[in-house]
Amino acid sequence: MKEMNLKNQYKLFYFGILIAGMIACLILAAGGSLVWSDEAFSLGMIRLGYREIWNLPSVDVHPPLYYLYLKTFTAIFGESVFTAKLASILPYLFILAFGGRKLRYLFDEATGILFMVLFLCFTPMLGFAVEIRMYSLGAAFVFANAVYAYLCLKEGGRSSNWLLLSLFSVEAAYTHYYALAAAAVTDLLLLAAICCKKPENIRKFILAVALIGILYFPWLRNFMGQMSYKIENEFRIGRITVRSLISYATSLFNVAGLRFLSVPLAVTYLILFIQALKKKDIHLTVICILTVPFGTFLIGMILSVLIRPVFVFRYIIPAISLIPIFTALTLRGSFRRVDGKVLFAVMLVCGLIHYGGCVKGEYRKVEHPMDGQWVAKHEECDAWLVLTSDTHASTVLAYYEREKTIYTNHPESGEANPFPNVYLAERFEAKDRIALMLETWAEIPEKILKDYDVESREWVEDGDERKIGVYVMKRKS
């Protein structure tokens with residue numbers, strides 16, 4: 001691309017890529033109405049009142065901002081799986097649009113356009129663009145916080161930059177605790193840069209941090225309570241092993257589950273990193289950008305070793321939203337050369353293939369064989385008894401079944417359970433007809449067979465070719 005032509009046609013490229021991103025996201029969002037357990041939990045949370053969401057007890061649950069945002073969004077546009085996915089799409093598109101404009105301002109048109117293309121092709125973020133969880137919202141706040149940290153360093157005299165730095169830091173902290181960690185790493189990097197280059201701005205930094213503290217103070221008691229709960233109680237995250245560390249790396253370079261494509265993608269990033277270190281004009285910027293996800297990951301590893309496992313790959317999604325900035329900055333100088341075009345082509349092809357995998361995954365996304373129509377088939381039953389060994393079945397079921405009581409031996413979120421019709425199986429009360437869910441290998445408990453006859457049995461297969469048994473049980477006369 002010639003520099004002059006790109007300057008003249010920047011708006012055409014910008015809006016063209018933005019519209020393409022919108023269409024791609026809408027195709028993803030239209031991929032089906034099935035949800036997995038964490039998404040079902042999010043949709044359950046918005047059935048609570050605003051005060052109830054804020055006043056959740058000190059349990060294993062995320063901060064409240066995403067749930068408040070999702071509740072407001074669905075209150076305006078209607079509650080459905082598609083609408084909830086749109087709520088996740090908006091922050092994703094915000095990064096695309098905001099990043100394209102700000103990187104043009106901070107660097108040049110080529111960097112802004114390259115960022116937009118590379119962000120759409122950034123494989124770890126694609127699936128989370130429509131997931132009904134807080135990761136895309138947290139990524140938007142972390143991304144904006146990093147941009148304004150750079151602006152505070154570059155334009156230290158503008159008070160609006162410092163105000164927005166504080167606001168985006170607080171919003172990240174209210175969305176996810178690892179988004180809080182990413183924002184904290186970013187702000188500490190800013191402090192280090194100010195001390196080295198612009199010590200006259202330390203006072204403004206202190207004021208910005210003071211505002212962060214004031215705005216976060218209302219949640220501090222809940223934060224301390226939730227941290228105490230995480231320290232004192234076991235939960236589902238497994239311990240950190242060499243295998244889990246390898247899985248984090250493979251997740252970062254995953255291309256639609258095709259391992260043979262993950263290798264060239266990983267090699268591309270390695271080459272770009274080496275190239276960036278050789279470029280004196282950007283190497284410090286690139287190091288700071290990559291320090292945010294690496295520092296966030298390191299915090300998770302240290303906490304997991306010292307206290308208990310508290311990290312899974314998706315927790316780092318807000319922090320790695322910055323990586324496309326690194327790729328754009330590195331590629332902009334070599335894009336006209338053959339090697340730059342090859343590296344760009346690898347990332348583009350991998351991104352397109354991964355996008356196809358994400359579309360396919362949305363149509364097949366289900367941990368348990370349930371949807372509204374399937375649950376309606378058992379409307380003659382008076383209650384559900386879920387005795388599966390995993391914790392997710394009752395959560396997914398509770399999203400679709402709002403009225404009938406669900407008894408389970410594994411309520412996924414304990415005291416944070418947002419579904420008023422979910423109870424522990426030990427509180428089971430006899431009904432005329434129940435629907436019993438078990439793994440195919442499990443036998444119906446003797447105490448159930450003592451009081452109930454099997455009226456029908458059905459094996460239902462989920463998207464991963466696992467089967468679950470559903471028995472309709474009629475109470476004996």
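Rules behind the numbers
- Residues numbered from 1 in each chain as written.
- Predicted model: local features only at pLDDT ≥ 70, side-chain atom pairs only at ≥ 80, totals over all residues.
- Heavy atoms only, no water.
- Core = buried A, V, L, I, M, F, W, Y, C linked by side-chain atoms within 4.5 Å.
- Buried < 20%, exposed > 50% of the residue type's maximum accessible area, 1.4 Å probe, protein only.
- Helix = DSSP H or I, 4+ residues; strand = E, 2+ residues; numbered from the N terminus.
- Contact = heavy atoms within 4.5 Å.
- Axes fitted to C-alpha atoms, helices over the stretch in contact; angles between N-to-C directions.
- Parallel < 35°, antiparallel > 145°, perpendicular 65-115°, else oblique.
- Left-handed = near helix turned anticlockwise from the far one by under 90°.
- Nonpolar A, V, L, I, M, F, W, Y, C, P; charged D, E, K, R; others polar.
- Pairing = 2+ DSSP bridges.

Chemist: Give a detailed account of the nonpolar core, specifying residues and quantitative values.
Modeler: As a rule of thumb, soluble globular proteins bury nonpolar side chains together. Ranked by internal contacts, the top residues of the largest apolar core, which has 141 residues, are Phe115, Leu190, Phe326 and Trp384. The element contributing the most residues to this core is helix α9 (residues 135-154), with 15 residues. Aside from chain neighbours lying at most four places away, what touches Phe326 is Tyr269, Leu272, Phe273, Ala276, Val286, Ile289 and Leu290.

Chemist: Describe the packing of helix α5 (residues 65-77) against helix α6 (residues 81-106), and please don't skip the residues or the numbers.
Modeler: Here α5 crosses α6 at 120°, and the two axes come no closer than 9 Å. For the element pair α5 / α6, the angle class is oblique. Crossing hand, α5 versus α6: right-handed. Residues Tyr66, Tyr69, Leu70, Phe73, Thr74 and Phe77 of α5 touch α6, and the partners they reach there are Thr83, Ala84, Leu86, Ala87, Ser88, Leu90 and Pro91.

Chemist: Describe the packing of helix α11 (residues 177-197) against helix α15 (residues 283-306), listing the residues and the values that go with them.
Modeler: Helix packing for two helices is described by the angle between their axes and how far apart those axes are. Viewed as axis vectors pointing N to C, α11 and α15 meet at an angle of 135°, and their least axial separation amounts to 9 Å. The pairing of α11 with α15 is recorded here as oblique in orientation. The interaxial crossing formed by α11 with α15 has right-handed handedness. In contact with Tyr178, Ala181, Ala182, Val185, Thr186 and Leu189 of α11, α15 contributes Cys288, Thr291, Val292, Gly295, Thr296, Ile299 and Gly300. A class-by-class count of the residues in the contact of α11 with α15 yields eight nonpolar, five polar and no charged.

Chemist: Before we move on, can you summarise the sheet that holds strand β3 (residues 422-424) with the specific residues and values?
Modeler: The strand order across the open sheet formed by six strands is β3-β2-β1-β4-β6-β5, and the pairing between neighbours is mixed. Only two strands of the sheet have a single neighbouring strand rather than two, namely β3 and β5 (452-461). Taking the axes of each pair of neighbouring strands and ignoring which way they run, one obtains an average angle of 25° across the sheet. Pairing between β5 and strand β6 (residues 467-475): nine bridges, direction antiparallel. Bridge pairing in β6 links Arg457 to Tyr471.

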